[in-house]
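# Structure at a glance
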Amino acid sequence: MRVFISGGCKNGKSYHAQRLAKHSAGSGRPLYYIATMKPVDSEDDERIARHRADRRGWGFVTIEQPQNIEEILKKCDTVGSFLLDSLTALLSNEMFTAGGEISENAAEKISGGLRQVIEQIPRIVIVSDYIYSDAIKYDPLTEAYRKSLAGLDRLAAGRCEVVLEAAYTQIIAHKGGGVFDALP
Amino acid sequence: MILIFGGVYQGKLGYALERFGLTQSDVYYCSEDEAGIPKDKRIVCGFDRWILALIRADRDVLSAVDAFIKQSGDVIVICDDVSCGVVPVDPQLRQWREETGRAMALVSRESNEVIRLFCSIPTRVK
């Protein structure tokens with residue numbers, strides 16, 4: 001079961017995503033957390049350490065993959081259950097490079113990797129952020145970022161059997177919601 | 001009238017073209033600089049941009065939208081949902097956000113069908 005989940009911030013996406021991934025792992029499969037955040041300061045380091053401690057009780061093995069997402073196919077057993085959190089961070093990492101340059105083909109590059117990942121991993125939960133409904137006229141760069149993320153979201157949503165939107169910890173099922181209802 | 005709304009880049013226009021078997025020649029694209037009533041094409045796309053044009057031209061938004069509804073027949077209105085973010089600092093964008101909400105409520109009331117798009121997936125809300 002492949003799941004795409006998005007929604008606004010602090011709506012419970014990660015929590016539900018963890019439940020779904022854990023459920024998919026069953027009793028024998030490895031459970032992977034694909035960490036995409038690239039820490040830039042000590043605040044990020046602390047946040048990551050905290051999240052990591054939270055997940056430890058769930059049985060996740062953390063794989064750091066802030067770029068080149070297709071590399072998880074080599075690092076992990078694809079029979080496992082994966083939680084990829086998030087497309088938003090992956091895009092930032094690929095689009096805004098360390099040297100301060102903007103990579104214009106970031107979305108295309110991630111699309112290629114993401115297609116392979118979704119094709120070869122039958123149990124994956126992919127998290128993204130819904131950043132498309134505000135009344136701001138953004139600068140061209142931010143607008144390009146939103147457009148690119150929407151393209152990745154739609155690619156993932158189109159290929160996943162289950163598409164969910166988190167709304168203040170509740171779930172709106174756009175596709176395949178029965179799976180979510182069946183969770184313990 | 002049919003209203004299709006959703007966040008930006010969610011596949012609203014693509015959905016409308018496919019579902020109703022229409023082409024680009026059936027689409028009127030609203031502009032932020034054109035306050036005239038959208039031309040009578042099957043699809044009026046970017047309704048929110050027309051609302052911004054009305055505000056910039058200092059026109060009364062709701063009476064313009066009302067006139068549009070009265071003179072438009074079997075039209076499909078496509079509008080970006082701009083209602084969910086942080087309140088903008090810019091007063092004009094603040095007004096845009098609110099007037100778009102009121103305009104959408106009017107159009108929604110007059111529509112036989114209202115559809116929201118999320119990642120290319122439609123949900124019928126009316």
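See the structure shown above.
Residues numbered from 1 in each chain as written. Chains lettered and ligands numbered in written order. Predicted model: local features only at pLDDT ≥ 70, side-chain atom pairs only at ≥ 80, totals over all residues. Heavy atoms only, no water.

Attention now moves to the overall build of chain A. When helices and strands are counted, chain A shows seven helices and seven strands. Starting at the N terminus and ending at the C terminus, chain A contains elements arranged as β-α-β-α-β-α-β-α-α-β-α-β-β-α. Projected onto the principal axes, the alpha-carbon positions of chain A cover approximately 45 × 30 × 30 Å. The burial tally for chain A puts 48% of its 184 residues in the buried class. Relative to all contacts within chain A whose residues are 6 or more apart in sequence, the contacts with residues 24 or more apart total 72%. Of the roughly 8800 Å² that chain A leaves accessible, carbon and sulfur atoms contribute 51%. Chain A carries 23 positive and 24 negative side-chain charges, and their two centres are separated by 6 Å. (Helix = DSSP H or I, 4+ residues; strand = E, 2+ residues; numbered from the N terminus. Buried < 20%, exposed > 50% of the residue type's maximum accessible area, 1.4 Å probe, protein only. Contact = heavy atoms within 4.5 Å. Areas by Shrake-Rupley, 256 points an atom, 1.4 Å probe, with all protein chains shown as cover. Lys, Arg positive; Asp, Glu negative; His and termini not counted. Charge placed at Lys NZ, Arg CZ, Asp CG, Glu CD.)

All names here are of chain A. Taking burial as the measure, the five residues of strand β4 (residues 81-85) include five buried ones, the bulk of the element. As paired strands, strand β2 (residues 31-35) and β4 are joined by five bridges and run parallel to one another. Directly across from A35, in β4, lies its bridge partner D85. Two elements, β4 and strand β5 (residues 124-127), share four bridges in a ladder whose sense is parallel. Each residue of the ladder has a partner; that of D85, found in β5, is V127. (Pairing = 2+ DSSP bridges.)

All names here are of chain B. On the secondary structure map, D80 appears in strand β4 (residues 76-80). D80 gets classed as buried once you look at its relative accessible area, which sits at 13%. Reaching out from D80, the side chain makes a polar contact with the side chain of K12 at a distance of 2.9 Å. Apart from the residues within four sequence positions on either side, D80 is in contact with G6, G7, V8, K12, D48, R49 and M104. (Polar contact = N/O pair within 3.5 Å; in protein donor to acceptor, adjacent residues only side chain to side chain.)

Residues and elements named next belong to chain A. Its 13 residues place the ends of helix α1 (residues 13-25) 18 Å apart at the C-alpha level, agreeing with the 18 Å of an ideal helix rising 1.5 Å per residue. Those residues of α1 that sit buried are K13, H16, A17, Q18, L20, A21, S24 and A25. Positive phi appears at G26, one or two residues downstream of α1, with a value of about 60 degrees. (Expected span 1.5 Å × (residues − 1).)

Turning next to the pairing of strand β6 (residues 162-167) of chain A. Residues and elements named next belong to chain A. Within β6, five of the six residues are buried, which leaves the element mostly enclosed by the surrounding structure. As paired elements, strand β1 (residues 2-7) and β6 share five bridges and run parallel to each other. For F4, the partnering residue across the bridge sits in β6 and is V163. Taken together, β6 and the strand that follows it, strand β7 (residues 170-175), pair antiparallel across an intervening segment of two residues, in which Y168 is found at a positive phi of about 50 degrees.

Another point: the packing of aromatic side chains. Under the criterion given, the structure shown has nine aromatic pairs over all chains. Relative to F68(B), the ring of W50(B) has its centre 5.7 Å away and its plane inclined at 55 degrees; by these criteria the two rings are tilted. Taken together, the positions of W50(B) in helix α2 (residues 47-56) and F68(B) in helix α3 (residues 61-71) put the pair 18 residues apart, joining distant regions of the chain. The same class applies to W50(B) and to F68(B), which are both buried. Among the aromatic residues, those joined into a ring-pair cluster are Y130(A), Y132(A) and F118(B). The residue whose ring lies beneath R55(A) is Y33(A), and the NZ or CZ to ring-centre distance is 3.4 Å. (Phe/Tyr/Trp six-rings, centres within 6.5 Å; stacked < 30°, edge-to-face > 60°. Lys NZ or Arg CZ within 6 Å of the ring centre and 35° of its normal.)

This next bit is on the pattern of salt bridges. In this structure the tally under the stated criterion is 17 salt bridges over all chains. The shortest N-O distance in the salt bridge between K109(A) and E94(A) comes to 2.7 Å. You can see K109(A) sitting in helix α5 (residues 106-120) and its partner E94(A) sitting in helix α4 (residues 87-95), a full 15 residues away along the chain. Owing to a relative accessible area of 36%, K109(A) belongs among the partly exposed residues under this scheme. Residue class for E94(A) comes out buried when judged on its relative accessible area of 7%. Across the pair K70(B) and D66(B) runs a salt bridge whose closest N-O atoms are separated by 2.8 Å. Of this pair, K70(B) and D66(B) both sit in helix α3, four residues apart, which is roughly one turn of that helix. For K70(B), a relative accessible area of 67% puts it in the exposed group. Each of the salt bridges in this network shares a partner with another, and the network as a whole consists of K137(A), E32(B), D33(B) and R56(B). (Salt bridge = Lys/Arg side-chain N within 4 Å of Asp/Glu carboxyl O.)

Tallying the contact residues gives 21 residues for chain A and 25 residues for chain B. Between chain A and chain B, a total of about 1900 Å² is buried, with carbon and sulfur atoms accounting for 62% of that surface. Among the residues chain A hides against chain B, the three largest losses belong to A135(A), K137(A) and R154(A). Together they make up 34% of the total. Counting the contacts that link chain A with chain B gives two salt bridges. We note a salt bridge from E32(B) to K137(A), for which the minimum N-O separation is 2.8 Å. One can count 11 residue pairs in polar contact (both at pLDDT 80 or more) joining chain A with chain B. Listing elements by their share of the side of chain A that touches chain B, those giving two or more residues are β1, α6 (140-159), β6 and β7 of chain A. Looking at the side of chain A that touches chain B element by element, the count peaks at seven residues for α6(A). Its residues placed into classes, the side of chain A that touches chain B shows nine nonpolar, three polar and nine charged. (Buried area = accessible area lost by both parts, 1.4 Å probe. Nonpolar A, V, L, I, M, F, W, Y, C, P; charged D, E, K, R; others polar.)

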